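For reference, the chains in residue letters:
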Amino acid sequence: METQSYGLEAGLYIVAGPIGNLGDLTPRAAQVLRLADVVAVEDTRVSARLLRHAGSERPMIPYHDHSAEGVRARLVERMASESVALLSDAGTPLISDPGYKLVRDARAAGRKITTLPGPSAAIAALTLSGLPTDRFLFMGFLPAKQKARGDALGEVAALRATLVFYESGPRLSESLAAMAEHLGDREAAVSREISKAFEETATGTLAELSARYADAPPKGEIVVIVGPPGEAPPPSAEDADAALREAMERLPVSKAAGEVAKKLGVDRRALYARAMELKG
Ligand code: SAM
């Protein structure tokens, strides 16, 4: 690998920026922004502010995954001998932001690739929500059209995972109502303006939160976190009796109790006692 005179090894540097508070730019990220030969950005006006904050005077190039193929190819070419930093308007590049195709092509070309980890609104909101974090699915922005939105929600409704959505204020109430309809009225959290002056997190069920924001769409940037589906409610005594009676027609009492306990997810000994009562 060639080493560049500017002090950074040639290759691609994926640089996470702040999601609001400039103080969240890491010192290492700031250093890369000062030393890179070129900084690929979404919007030069937005990134100019961060570069000033980092004390960087390096040149910027606008880059989107839908930029002409030639733009991406030239950047990948430059990575052979120069350091290219990739920066988003906010947070971590590639997370609902450009960069995936650039990383894909840089990898295919065998370039050195490294990342400077930092803030992402999805993870920040997850930590604020008070909802389970052991298993989560990042959903990004839901489609705007009703049918496509319903389909996207339907695809994940059965997953036992916390769901993470990016949203905008004007669409918030309607999206929360659609989530309640397709996912069930689960526990949820709406976080907005994380790390900024008016940071706020509201919690409640999806229907409650939808009602809360219906007449007052919130300003600023928003993440919605939706908890996993609840446990199935315990079977009623009548349903358990019916299942036991049916099983006892085919099986000895203890086997019938075992089968029904497994099927309904209830205690086998209690079912056995009830089966003996029914038999008597
Ligand atoms: N790459 C970014 C990241 O790592 O979080 C996300 C970019 S995406 C285009 C922008 C969306 O992220 C916003 O519409 C909002 O949903 C969410 N977002 C960004 N900053 C936020 C903040 N400070 N508070 C809440 N949500 C934020």
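Per-chain numbering applies: the sequence of each chain, read as written, is numbered from 1 onward. Side-chain atom pairs in this predicted model are given and counted only at pLDDT of 80 or more, local residue features only at pLDDT of at least 70, and totals for whole chains, interfaces and linings cover all residues. Side-chain metrics in this entry use all non-hydrogen atoms of the structure; hydrogen atoms and water are not considered.

## Focus on unusual backbone geometry
Leave glycine aside and you will find that most residues have negative phi; peptide bonds, for their part, are mostly trans. Here is the rule: A run of H or I in DSSP counts as a helix once it spans at least four residues, and a run of E counts as a strand once it spans at least two, with each numbered from the N terminus. Summary of the burial criterion: residues with accessible area below 20% of their type's maximum are buried, those above 50% are exposed, and those between are partly exposed, where the area comes from a 1.4 Å probe applied to protein chains only.
For L94, which is not glycine, the phi dihedral falls at a positive 80°. By secondary structure assignment, the location of L94 is in the loop between β4 (83-87) and α4 (100-108). A residue is classified by how much of its surface remains accessible, and L94, at 30% relative accessible area, is partly exposed. Phi is positive for E193, which is not a glycine, with a value near 55°. Along the chain, E193 falls in the loop between β8 (187-192) and β9 (200-205).

## Digging into the site of the ligand
Condition: Throughout this document, a residue counts as near a molecule or strand when at least one of its heavy atoms sits within 4 Å of that molecule or strand. Under the rule applied, a polar contact is a pair of N or O atoms within 3.5 Å (in protein, one hydrogen donor and one hydrogen acceptor; residues adjacent in sequence only if both atoms are side-chain atoms). Under the convention used here, a 1.4 Å probe and the Shrake-Rupley method define accessible areas, while residue burial counts only the protein chains that appear. Points on a 1 Å grid over protein atoms alone make up a cavity when a 1.4 Å probe fits among them but cannot get out, and a pocket when they form an open set with protein on both sides within 12 Å along at least five of seven lines; lining residues each have an atom within 4 Å of a point. In this description, a molecule resides in a pocket or cavity if more than half of its atoms sit within 2 Å of the grid points defining it. Where a domain begins and ends is set by an automatic assignment or by a domain database.
Close to the ligand lie 18 residues, the nearest being I19, D97, S120, A121 and I222. I95 has a polar backbone atom sitting 2.9 Å from a nitrogen atom of the ligand. When isolated, the ligand has an accessible area of 580 Å², and the protein chains bury 91% of it. One can see that the ligand is located within the largest pocket. Going through the elements one at a time, β7 (162-168) and β10 (221-226) are the ones with two or more residues in the shell around the ligand. Of the residues forming the shell around the ligand, the biggest block, three residues, is contributed by β10. Viewed by domain, the shell around the ligand spans two of them, domain 1 (11-119) and domain 2 (122-226), each represented by three or more residues.

## Side note on the pairing of strand β1 (residues 11-15)
Short version of the rule: Note: two strands are recorded as paired if DSSP finds a minimum of 2 bridges between them.
The buried fraction of β1 is high, at five of five residues. Pairing between β1 and β4: five bridges, direction parallel. Residue pairing for β4: I14 is matched across the bridge by L86. Sheet analysis places β1 next to strand β5 (residues 113-116), joined by four bridges and oriented parallel. Each bridged residue has a counterpart across the sheet, and for I14 the counterpart in β5 is T115.

## Section: the layout of surface pockets
Definition in use: Grid points are joined across faces, edges and corners, and a volume is the space filled by probe spheres set on the points. Only Asp, Glu, Lys and Arg are considered charged, only Ala, Val, Leu, Ile, Met, Phe, Trp, Tyr, Cys and Pro nonpolar, and every remaining residue, Gly among them, polar.
As a volume, the largest pocket reaches approximately 410 Å³. Along the wall of the largest pocket there are 22 residues; nearest its centre are A90, A121, F141, Y166 and E221. Every element with two or more residues in the lining of the largest pocket is listed here: β7, β8 and β10. Counting residues per element, the lining of the largest pocket draws most heavily on β10, which supplies three residues. Looking at side-chain class alone, the lining of the largest pocket contains nine nonpolar, five polar and eight charged residues. Counting residues domain by domain, the lining of the largest pocket receives three or more from each of domain 1 (11-119) and domain 2 (122-226). Space inside the second largest pocket adds up to approximately 300 Å³.

## Things to note about the domain arrangement of the protein
Domain annotation of the protein identifies domain 1 (11-119), domain 2 (122-226) and domain 3 (237-279). Computed over C-alpha atoms, the centres of domain 1 and domain 3 are 63 Å apart.

## Focus on the packing of helix α6 (residues 146-156) against helix α7 (residues 169-183)
Worth spelling out the cut-off: Angles shown run from 0 to 180 degrees and are taken between the N-to-C directions of axes, each axis being a line fitted to C-alpha atoms and, for helices, limited to the stretch in contact. Between 65 and 115 degrees an angle is taken as roughly perpendicular, under 35 as roughly parallel, over 145 as roughly antiparallel, and anywhere else as oblique. Should the near helix be turned anticlockwise from the far one by less than a right angle, the crossing is termed left-handed; should it be turned clockwise, right-handed. We call two residues contacting when some pair of their heavy atoms lies within 4.5 Å.
Two elements in contact, α6 and α7, have axes separated by 9 Å at closest approach and are oriented at 45°. Between α6 and α7, the interaxial angle falls into the category oblique. Crossing hand, α6 versus α7: right-handed. Facing α6, whose interface residues are R149, G150, L153 and V156, α7 presents E174, S175, A178, M179, H182 and L183.

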